[in-house]
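Report on the structure
One-letter residues, chain by chain:
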Amino acid sequence: MKPLKVMTIFGTRPEAIKMAPLVQEFAVRPEIEGICCVTAQHRQMLDSVLEIFHLTPDYDLNIMEPRQTLSTITSKCLLGMEDVMKKAQPDLVLVHGDTSTTFAGALAAYYQKVMVGHVEAGLRTGDKYSPFPEEMNRTLVGDIADLHFCPTVTNRDNLAREGITRGVFVTGNTVIDALKTTVRQDFQFSTQLLNELDYAHKKVILVTCHRRENYGAPMHHIMSALRRVAETFPDVELVYPVHLSPVVQQAAHEGLDGAPRVHLIEPLTADEMHNLMARCYLVMTDSGGLQEEAPALGKPVLVLRRETERPEAVTAGTVCLAGTEEESIFALARGLITEPAAYAGMARAVNPYGDGHACARITDAILWKFGRRDQPPQEFSAG
C-alpha cells in the first residue's frame, strides 16, 4: 500500500513553530509521505524557524512583498497553491490556525477537491473583527475542513455549537511538542544582553505587543502601563522584542524610549523566544502562541487584550486577561510583582494545552481516518 501523501501548508513564524514538529513526525512514519509547502507570508521570520527545525520545504511560494495587504496575501497564496496541488496531488492538506495562508490553503484544497485537516481548530472569540482577520479565517476554515484537530475540549465544544461534530479530535497543541526541541539549559542567545541579564535576582518580564486590533489608542495605553511598571519597580527588567511592523515600532519607541531598564530589541528567533520565556519571571503579551507556551514553562501570562480565544488558560489560572487600559494592566502586573502567593498560584497551575504528544495523536487520527489504523487515538486530557 502506498504511503498517504499529506501536505502541510504554512507561511508565518507562529504557524511554522507549531507545524514543524508535525512535519518531523511525518518523516518518521513510513505510512505517510510528507510534503511541505510554505507561502513565506513572513519571509525572514519563517526562515529562522525552518533553520531551527532543519526543515527544507518541497514548495516555496515566496509571496512576501513590501506593504502587502490581506488581499494580496490571500490572492497570491490561492493562485500559487493551485499549481502546487496539481503537481503534488496530495491525499490530505493540513493548514494551521488562523492566518491568511491558512484560509487560502484550505480554499485552494477545496477547489481541487482535496481533503482538508485543520490543526489548532475550534478557537473562537465570537467577534469576527477581534482578532482581525484571524477570527473569520479560522471560522471559514472550520466550514471547509474535513478533519479538525482541537487543542482542548473547549475548542471541540465551540465546533459542536456550530454544528461541526464529525472528524473532530482533541489532540493538545503542537506548540508544546515544539518546546521539547527548542528549550535547553545551556542555550546561548545571539544577543549578549540576554546572556547577561540577571535572571536569578531580577524580575525579567518578557513583553510582546503587535496585534492589529491594538493599533492606536489601545497600544498607547499598553506602552504607558509598561513604562509605569519599569519606573515603579527597580527590580524589574522589561525585554520587548519589537515586531517589524512600522506601526508597532513607532508606538514602542514613542512610549518606551528612555524608560529605565526597558530593552527594546530586534525580533527573536523561535528558539531564543522559547528560552527567554523559560528564564523570565512573567510574560505580558497580546500574542496567542505565548498564552500556550508560557504556562508549559511555569510562567504567568498577562494578556494585553480585551478577550481571548484561549479561555482554558484563564479558567486554569495560568493566564489573566488584563485588557488594554493602563490602570488595569498596571494593577495586575503590580500584584504579580509584589505578591508571592498570587504569582505562585499562576505559575503552578496546570497547563491546559498539551503534554507534548499532539503530533503523534494527529498522525494517528489521520491514519485511522484513512483506514491505516484500527483505533482512533486516545484524546488529550488536561486532567
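Residue positions are given per chain, counting from 1 as you read along its sequence in written order. Where local features are concerned, this predicted model is filtered to residues with pLDDT of at least 70; where side-chain atom pairs are given and counted, the filter is 80 or more; whole-chain, interface and lining totals use all residues. Hydrogens and water are ignored here; the side-chain numbers use all heavy atoms of the structure.

**Focus on unusual backbone geometry**
The test is simple: Only runs of H or I of at least four residues qualify as helices and only runs of E of at least two qualify as strands under DSSP, and these elements are numbered from the N terminus. For the exposure calls, accessible area comes from a 1.4 Å probe over protein chains only, and a residue counts as buried if that area is under 20% of its type's maximum, exposed if over 50%, partly exposed in between.
Cis geometry is adopted by the peptide bond preceding P131, which originates at S130 and carries an omega value of 0 degrees. Among the structural elements, P131 can be located in the loop between strand 5 (115–119) and helix 5 (134–144). The phi torsion at Q89 lies on the positive side, around 50 degrees, for a residue other than glycine. One can find Q89 in the loop between helix 3 (70–88) and strand 4 (92–96). Exposure remark for Q89: the relative accessible area of 52% places this residue in the exposed category.

**Description of the side chain of T152**
Applied cut-off: For this analysis, a polar contact is any N or O atom pair within 3.5 Å, provided that within protein one partner can donate a hydrogen and the other can accept it, and provided that sequence-adjacent residues contribute only side-chain to side-chain pairs. Contacts between residues were defined by any pair of non-hydrogen atoms, one from each residue, lying within 4.5 Å.
Within the element layout of this structure, T152 appears in the loop between strand 6 (147–150) and helix 6 (153–161). Reaching out from T152, the side chain makes a polar contact with the side chain of N155 at a distance of 3.0 Å. At a separation of 2.4 Å, a polar atom in the side chain of T152 contacts the side chain of E312. Apart from residues no more than four positions distant in its own chain, T152 is found in contact with V170, E312, P352 and Y353.

**Brief notes about the environment of H210**
Turning to its location among the elements, H210 is positioned in the loop between strand 8 (203–208) and helix 9 (217–232). In this structure the C-alpha to C-alpha distance between H210 and S245, which are 35 residues apart in sequence, comes to 7.8 Å. Every residue in contact with H210, bar those within four places of it in the chain, is listed here: Y215, M219, H243, V248, D286 and S287.

**Overview of the pairing of strand 11 (residues 282–285)**
What counts here: At least two DSSP bridges between two strands are needed for those strands to be called paired. When the strands point away from the viewer and the path from the first strand over the helix to the second turns clockwise, the crossover is right-handed.
Every second residue of strand 11 is oriented toward a common face, with L282 and M284 on one face and V283 and T285 on the other, all of them buried. Examined bridge by bridge, strand 11 and strand 12 (residues 301–303) share three bridges and lie parallel to one another. Its bridge partner lying in strand 12, T285 is registered against V303. Each parallel crossover has a hand, and the one from strand 11 via helix 12 (residues 289–296) to strand 12 is right-handed.

**Details of the sheet that holds strand 6**
In plain terms, the rule: Only the contacting stretch of a helix is used when fitting its axis, a line to C-alpha atoms as for every element, and angles between N-to-C directions run 0 to 180 degrees.
Taken together, seven strands build an open sheet; the order of strands is 3-2-1-4-5-6-7 and the sheet is parallel. Here the strands that pair on one side only, and so sit at the sheet edges, are strand 3 (59–60) and strand 7 (168–170). Relative to strand 6, strand 5 runs parallel, the two sharing three bridges. Across the sheet, V119 pairs through a bridge with F149, a residue of strand 6. Helix 3 rests against strand 1 (4–10), strand 2 (32–38), strand 3 and strand 4 of the sheet, and its axis sits at about 165 degrees to strand 1.

**Things to note about the sheet that holds strand 9 (residues 236–241)**
If you walk across this open sheet you meet the six strands as 10-9-8-11-12-13, and the pairing is parallel. Two strands close off the open sheet at either side, each with one partner strand: strand 10 (262–265) and strand 13 (319–321). Averaged over neighbouring strand pairs, the angle between their axes works out to 20 degrees when direction is ignored. When strand 8 meets strand 11, the two strands line up parallel, connected through four bridges. What sits directly across from V207, in strand 11, is M284. The strands touched by helix 9 within the sheet are strand 8, strand 9, strand 10 and strand 11, with strand 9 carrying the most contacts at an inclination of about 150 degrees. Each of strand 8, strand 9, strand 11, strand 12 and strand 13 is contacted by helix 14 (residues 326–338), which is oriented at about 175 degrees to strand 12, the strand it contacts most.

**Observations concerning the nonpolar core**
We apply this condition: Here, nonpolar core refers to any group of buried Ala, Val, Leu, Ile, Met, Phe, Trp, Tyr and Cys residues whose side-chain atoms link them within 4.5 Å.
Grouped together as the largest cluster of nonpolar side chains are 36 residues, with contacts concentrated most on V6, F10, L22, L94, F149 and I366. Elements with a minimum of two residues in this core: strand 1, helix 1 (13–27), strand 2, helix 2 (43–52), strand 4, strand 6, helix 7 (174–182) and helix 16 (358–369). Among the elements that take part in this core, helix 1 stands out by supplying seven residues, more than any other. Ignoring any residue separated from it by four or fewer positions in sequence, one finds F10 in contact with E15, A16, M19, V23, C36, C37, V38, T39, A40, L46, L50 and T101. With 35 residues, the next largest nonpolar core counts L226, A252, A259 and M284 among its residues.

**Topic: the packing of aromatic side chains**
Counted only if it meets this: Under the pairing criterion, centres of Phe, Tyr and Trp rings, with the six-membered ring standing for Trp, must be within 6.5 Å; the plane angle then separates stacked pairs below 30 degrees from edge-to-face pairs above 60, leaving the rest tilted. Criterion for a charge above a ring: Arg CZ or Lys NZ at most 6 Å from the ring centre, at most 35 degrees from the ring normal.
For the coordinates displayed, the defined rule picks out seven aromatic pairs. The interplanar angle of 80 degrees and the centroid separation of 5.2 Å between the aromatic rings of F187 and F189 together place this pair among those described as edge-to-face. F189 shares its class with F187; the two are buried. Between the NZ or CZ atom of K203 and the centre of the ring of Y281, over which it lies, the distance is 5.4 Å.

**A few points about the environment of F53**
For F53, the location among the structural elements is in the loop between helix 2 and strand 3. Note: C-alpha distance between F53 and A16 (37 residues apart in sequence) is 9.4 Å. The contacts of F53, once residues within four sequence positions are left out, are I17, A20, Q24, A178, T181 and T182.

**Concerning helix 3**
Filter applied, for reference: Here a helix's expected span is defined as the number of its residues, less one, multiplied by 1.5 Å.
Over its 19 residues, helix 3 runs 26 Å from end to end, which matches the ideal 27 Å to within 8%, given 1.5 Å per residue. Taken as a whole, helix 3 has its buried residues at I73, C77, G80, M81, V84, M85 and A88. Those residues of helix 3 that are buried are in contact with strand 1, strand 2, strand 3, strand 4 and helix 4 (100–111). Following helix 3 by one or two positions, Q89 has its phi on the positive side, about 50 degrees.

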